[in-house]
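Structural features, examined
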Amino acid sequence: MSSTTSISPAVLIVGAGPVGSVLALTLLKNGISVRIIDKAGPQIGQKGAGIQPRSLEMHHFLGTLPDFLSVAQSIPICTIYKIPGGTEILKTFELNPREEPKPDTPYINPMVLGQYRQQSILHRHLKKYGCEVEFHTVLRSFEQSDDHVLANIVKKSPDGAEIPEAMKVPYLVGADGAHSTIRRALGLTFLGDTRDDVSSVIGDIEIKSGLNHETWHFWGEGSTKMQVYYSNSRVDKNIFTMMITGKELDHAKTASRRDELVKTITFVTERNDIEFGDLIWMSHYRPNIRMVNRFGEGRVFVAGARLEARQGTNSGVQDSFNLGWKLALVLKGLSPSSLLNTYTEERLPVIAAMLGKTMDLLNRGRDKPAADESKWKRGTEFKQLGVNYRGSSTLVDETTDLTKDLIRSDSYSLASDGVIHAGDRAPQAPDLEDLPANRAATSLFDIFGPDHHTVLIFSSVRSKGEEITSKLSSYSKGLFKTVLILPALSESELIASVKQSSGFDLVLRDGGGHAYKAYPTIPGPCTVIVVRPDGVVGAIVRGIDGLLQYVNGVFVALA
């Protein structure tokens, strides 16, 4: 069958899992048209279920968080059973001891939700923008030119017929994992290791009786034989994710058929009272601690292009959130194409640090018995709240030298001085009073968004803030959201005067004092902090000159 040639959307996304879907949603919220295709049908299974706090914050900005929280669950108590017998409880422990949320970190505890549930929620949000995922559609090849990418895709119809199509798009992004056509065509190589010395069987299975979903269940030890079962949502209570590992087990045989799986389960747990239902999916798995050497070339990019089981989806959606706003600005002609170079510049060190920490975790826990809690526990860095881009070339920080080793020492942690710098995650600040709106309560997370930069002006001098808003007014409407933040103890005369100002998008009083506590302020009449669309601090400056240095590094110069 001959192919048709179409010219439409601005971005073709290959892969409709959470990584591709977050990118599509970010672009759509920026008014950028997309097509998103996937070679398979809707995903099944609960793999990649962990959602770290940094990802929860991203979902807040995207407007998807309420839907996630309605079905996700906290990580419950873990129960380890004695062998022999398999029914008596040896001990219980918390995999992630619960922390109390703080004003600057409202989402401090990880959640779990099966990846197919995550995908379903994101697809519903895409539909609100008229975007339908095109399943059973594969990218066969592509060719780049100076001003577009020609992508050759093939859609399989319900009757099995293949319908080819050639389409021109300004940009192409692969979010289709390790076997990506795009990764191979670009010649991107993997850095890291495939761990042939570590093997397991993973999958999802229905458990009709014998185990409850209120706890995670453990038997045995990793060096010989071990099994883990856990539920990943509040709505799929009878579907359990399983992990079976150990040198005494034949993983290939276990993964070959359902009856072999049940035999292995009985052998390890020494339990005959567990009633199994449908086997949802199962795979013989070896951990691949690998990453690509760069995240794109020309007009073609990859997101989530790594093989890694413990942080992969979280890191992948952060790839997309980083890339999405930059693509949008370039496509609108508001930023130079060179801005896209910072995608690899910023994300590559983060992924390298993540894989290093994952390798350490795997090596540390490989031969420890299940009863050793250190085998399972992760450090707070895995919550990703310290992930930063302090080495980025676009940042401006007049409070410190970002090239200093103590500032740039770790892309996965806060700086050793404990202070927020440009490149760090922007903290939340609740209990802000919207003065023109009769002191209605709001928060910084409700102001940040994927389609605009937020310019926070910490000052009690109204004129200083108005100088900044006047300068930014030359740019496209909606590109910046300017926010004047007054101290908690501002005098009534000042409050009355700024309520009449029309130059700011928002005038807030820091009623709870959280904003002035969370963000560094520079001695003097004014501190300006620019928060990027991905919730990262882009600049910390004293005023107009520093602000323009950041703006001129990200946006095209005004005519």
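The sections below set out a description of the structure shown in this document. All of these numbers come straight from a predicted model, not from anything done at the bench.

**What to know about the pattern of salt bridges**
Considering all chains together, one arrives at 19 salt bridges under this definition. Among the ionic pairs, Arg 140 bridges to Glu 162, the shortest N-O distance being 3.4 Å. Linking Arg 140 in strand E10 (residues 137–144) with Glu 162 in strand E12 (residues 162–169), this pair joins segments that are 22 residues apart in sequence. What makes Arg 140 partly exposed here is its relative accessible area of 47%. The class of Glu 162 is partly exposed, set by a relative accessible area of 38%.

**Observations concerning the environment of Tyr 285**
Within the fold, Tyr 285 resides in strand E19 (residues 275–285). In sequence terms Tyr 285 and His 251 are 34 residues apart; their C-alpha atoms lie 8.7 Å from each other.

**What to know about the nonpolar core**
Grouped burial of nonpolar side chains is what soluble globular proteins tend to show. Counting 108 residues, the largest nonpolar core has Val 11, Leu 27, Leu 444, Phe 448, Leu 456, Ile 468 and Tyr 519 as the members making the most contacts within it. Broken down by element, this core gets its largest block of residues, 8 residues, from helix H8 (residues 312–331). Residue contacts for Phe 448: discarding those within four places in its chain leaves Phe 61, Ala 426, Pro 427, Thr 454, Leu 456, Tyr 519 and Val 531. By size, the runner-up hydrophobic cluster in this structure holds 17 residues, among which are Trp 219, Phe 240, Met 242 and Ala 255.

**Section: the environment of Gly 31**
Turning to its location among the elements, Gly 31 is positioned in the loop between helix H1 (18–29) and strand E3 (34–38). For the pair formed by Gly 31 and Ala 328, sequence separation is 297 residues and the distance between their alpha carbons is 7.9 Å.

**Quick look at the sheet that holds strand E5 (residues 73–74)**
Taken in spatial order, the 3 strands line up as E4-E8-E5 in an open sheet, and their pairing is antiparallel. The two strands at the open ends of the sheet, each matched to only one other strand, are strand E4 (50–51) and E5. Inspection of the sheet shows E4 paired to strand E8 (residues 111–112) by 2 bridges, in the antiparallel sense. Across the sheet, Gly 50 pairs through a bridge with Val 112, a residue of E8.

**Concerning the packing of aromatic side chains**
For the structure on display, the rule yields 14 aromatic pairs. Between Phe 445 and Phe 448 the ring centres are 6.1 Å apart and the planes differ by 50 degrees, which places this aromatic pair in the tilted class. On the basis of relative accessible area, Phe 448 is assigned to the buried category, the value being 5%. Aromatic rings pair up to connect Tyr 171, Phe 295, Phe 301 and Tyr 343 into one cluster.

**Side note on the sheet that holds strand E2 (residues 11–14)**
Spatial ordering of the open sheet is given by E9-E3-E2-E13-E22-E21, a layout of 6 strands whose pairing is mixed. Since the sheet does not close on itself, it has two edges, and those belong to strand E9 (134–135) and strand E21 (296–297), each with one partner. Here 3 bridges tie strand E13 (residues 171–174) to strand E22 (residues 300–302), and the two strands are oriented parallel to one another. If you follow Leu 172 over to E22, its bridge partner there is Val 300. Of the strands in this sheet, E2, E3 and E13 are in contact with H1, which crosses E3 at around 170 degrees.

The rules behind the values
- Residues numbered from 1 in each chain as written.
- Predicted model: local features only at pLDDT ≥ 70, side-chain atom pairs only at ≥ 80, totals over all residues.
- Heavy atoms only, no water.
- Salt bridge = Lys/Arg side-chain N within 4 Å of Asp/Glu carboxyl O.
- Helix = DSSP H or I, 4+ residues; strand = E, 2+ residues; numbered from the N terminus.
- Buried < 20%, exposed > 50% of the residue type's maximum accessible area, 1.4 Å probe, protein only.
- Core = buried A, V, L, I, M, F, W, Y, C linked by side-chain atoms within 4.5 Å.
- Contact = heavy atoms within 4.5 Å.
- Pairing = 2+ DSSP bridges.
- Phe/Tyr/Trp six-rings, centres within 6.5 Å; stacked < 30°, edge-to-face > 60°.
- Axes fitted to C-alpha atoms, helices over the stretch in contact; angles between N-to-C directions.

These results come straight from atomic positions and should not be treated as a statement about function.
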